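The lines below spell out each chain.
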Amino acid sequence: MASLSLRHIYKKYPGGVTAVSDFNLEVKDKEFLVLVGPSGCGKTTTLRMIAGLEEISEGELYIGDTLVNDVAPKDRKIAMVFQNYALYPHMSVFENMAFGLKLSKTPKEEIKRRVEEAARVLDITHLLDRKPKALSGGQKQRVALGRAIVRNPKVFLLDEPLSNLDAKLRAAMRTELTKLHNRVGTTFVYVTHDQVEAMTMATRIVVMKDGLIQQVDTPQNLYDMPCNIFVAGFIGTPQMNFIRGTLNKKADGVYFEFDGATVKLPENKANAPELADYMGKEVVVGLRPEAISDDSKAVENTPDANFEVDVEVTELMGAEIYLYLTCGEETKLIARVSNRSLSRAGDKVRVAFDMSRLHVFDNDTERCIIH
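Here is a short report on the structure shown in this document. (Residues numbered from 1 in each chain as written. Predicted model: local features only at pLDDT ≥ 70, side-chain atom pairs only at ≥ 80, totals over all residues. Heavy atoms only, no water.)

Some words on the overall build of the protein
Step number 1: From N to C terminus, the protein includes 10 helices and 21 strands.
Step number 2: C-alpha atoms of the protein, sized along the principal axes, occupy 80 × 45 × 35 Å.
Step number 3: Looking at the protein residue by residue over its 371 residues, the buried ones come to 50%.
Step number 4: Intrachain contacts of the protein at a sequence separation of at least 6 include 66% that bridge at least 24 residues.
Step number 5: Counting every atom, the protein has about 17800 Å² of accessible surface; 48% of that belongs to carbon and sulfur. (Helix = DSSP H or I, 4+ residues; strand = E, 2+ residues; numbered from the N terminus. Buried < 20%, exposed > 50% of the residue type's maximum accessible area, 1.4 Å probe, protein only. Contact = heavy atoms within 4.5 Å. Areas by Shrake-Rupley, 256 points an atom, 1.4 Å probe, with all protein chains shown as cover.)

What follows is the structure, given as structure tokens:
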């Protein structure tokens, strides 16, 4: 198995277009690393540079201790699974899975053993004689994975492999891929624009935007401690609420004022030295939907952080309800509340902020000041 090291990697195209800038990352052996970000952020380009399908413009790429910038893709000991599966339609499942091994002159008995073992792991033994056209999307995905597994690669590269599947199958395949990673014990580098996939599968997540790494961290740390507004908004469903307002220091503490409402910061946040220069200035406050409550007890117990809102829309999600709220003239909020909530569209209700979960961002740089 192998670690990966990407050192100051750039991808520049003719005409001055830079797709990836100064990409620095150490991927640990057996890690499940996910690159996530909006379309066009450079994540697939990065994956293709690791695979050797795109030339590296600047920087060094190591697989284990070996510099592989000029090593051909077939000699890199990696396997790539594509979004469209890329199966040969005229070959059976067995032949598709065995194809790479045949090219590398692997003995027939060894090919048979490896293909049957991979088919058993992926639960596709009964499909080995079928052609791809007789397979469902999920089965094709497993065959594509099987073709990668039989090569015993040092690194698995997966480029949005679940994007063609329906929602139910995607959820099932997420679990299967996580189990597969645990069984195979190989380094996985996985590209997706779906932050739910990233949050549920990754050991660590790399959040990218415009060819630049924004933050690299565990899923929980990204959720709880985003480094800037982009990461905070990209990770989490529904996304974090962002509220523009002003911080004001008064005799009894620090208050955040926005759109006719005022909430008091808890002492530990109010006294944070990082906030000292922001008094009297406009900032952006971030709060997750689950940190806003319409529960009467919560409102009663937080006299310094409750205010009136208009309920615009309610969405029953089964175990919970999403409330779409308006405060004042233009502040829009989403609250994730209990399915026992009595708030309905058209109501005026009081809601409370869980101020311990407040994030404060710089209005200009969008960097996080305090969590």
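Structure shown, so let's carry the discussion forward.
A closer look at the state of the cysteines
Step number 1: Scanning all chains against the criterion turns up zero disulfides.
Step number 2: The thiol of Cys227 is unpaired, and the distance to the nearest cysteine sulfur, on Cys368, comes to 8.3 Å.
Step number 3: Cys227 sits in the buried class, given a relative accessible area of 15%. (Disulfide = S-S within 2.5 Å.)

Concerning the sheet that holds strand β6 (residues 78-81)
Step number 1: Taken together, the six strands give an open sheet; going across it, the order is β6-β7-β8-β3-β9-β10, and neighbouring strands pair in mixed fashion. Of all strands in the sheet, those bounded by a partner on one side alone are β6 and β10 (212-217). Put simply, the sheet's adjacent strands are angled 15° from each other on average, direction ignored.
Step number 2: Note that strand β7 (residues 155-159) and strand β8 (residues 187-192) share five bridges and pair parallel. The residue of β8 that forms the bridge with Leu157 is Val189.
Step number 3: Together, β6 and β7 form the strand contacts of helix α4 (residues 137-149), whose direction differs from that of β6 by roughly 170°.
Step number 4: Running over the sheet, helix α5 (residues 167-184) touches β3 (32-36), β7 and β8 and is turned about 160° from β8. (Pairing = 2+ DSSP bridges. Axes fitted to C-alpha atoms, helices over the stretch in contact; angles between N-to-C directions.)

Here's the deal with the sheet that holds strand β1 (residues 4-13)
Step number 1: Taken together, the four strands give an open sheet; going across it, the order is β2-β1-β4-β5, and neighbouring strands pair in antiparallel fashion. Because the sheet does not close on itself, it has two edges, and the strands there are β2 (17-27) and β5 (66-67).
Step number 2: Pairing of β1 with strand β4 (residues 58-63), which is carried by five bridges, proceeds in the antiparallel orientation. In the strand pairing of β4, Arg7 is matched with Glu60.
Step number 3: Across the sheet, helix α1 (residues 43-51) lies against β1, β2 and β4, angled at about 115° from β1, the strand it touches most.

Quick notes on α1
Step number 1: Counting buried residues along α1, seven of its nine residues qualify, which places the element largely inside the surrounding structure.
Step number 2: Buried residues of α1: Lys43, Thr45, Thr46, Leu47, Met49, Ile50 and Ala51, and no others.

Observations concerning α5
Step number 1: End to end, α5 covers 25 Å across 18 residues, agreeing with the expected 26 Å (1.5 Å per residue, within 8%).
Step number 2: Of all the residues in α5, the buried ones are Arg170, Met173, Arg174, Leu177, Leu180 and His181. Angular distribution of buried residues about the axis of α5 spans 130°; they occupy a single face of the element. Along α5, the residues that are exposed and aim more than 90 degrees away from the buried face are Lys168 and Asn182.
Step number 3: The elements touched by buried residues of α5 are β3, α3 (108-122), α4, β7, β8 and α6 (195-201).
Step number 4: Structurally, the start of α5 carries an N-cap: the backbone nitrogen of Lys168 is 3.1 Å from a side-chain oxygen of Asp166. (Expected span 1.5 Å × (residues − 1). Arc of directions from axis to C-beta. Polar contact = N/O pair within 3.5 Å; in protein donor to acceptor, adjacent residues only side chain to side chain.)

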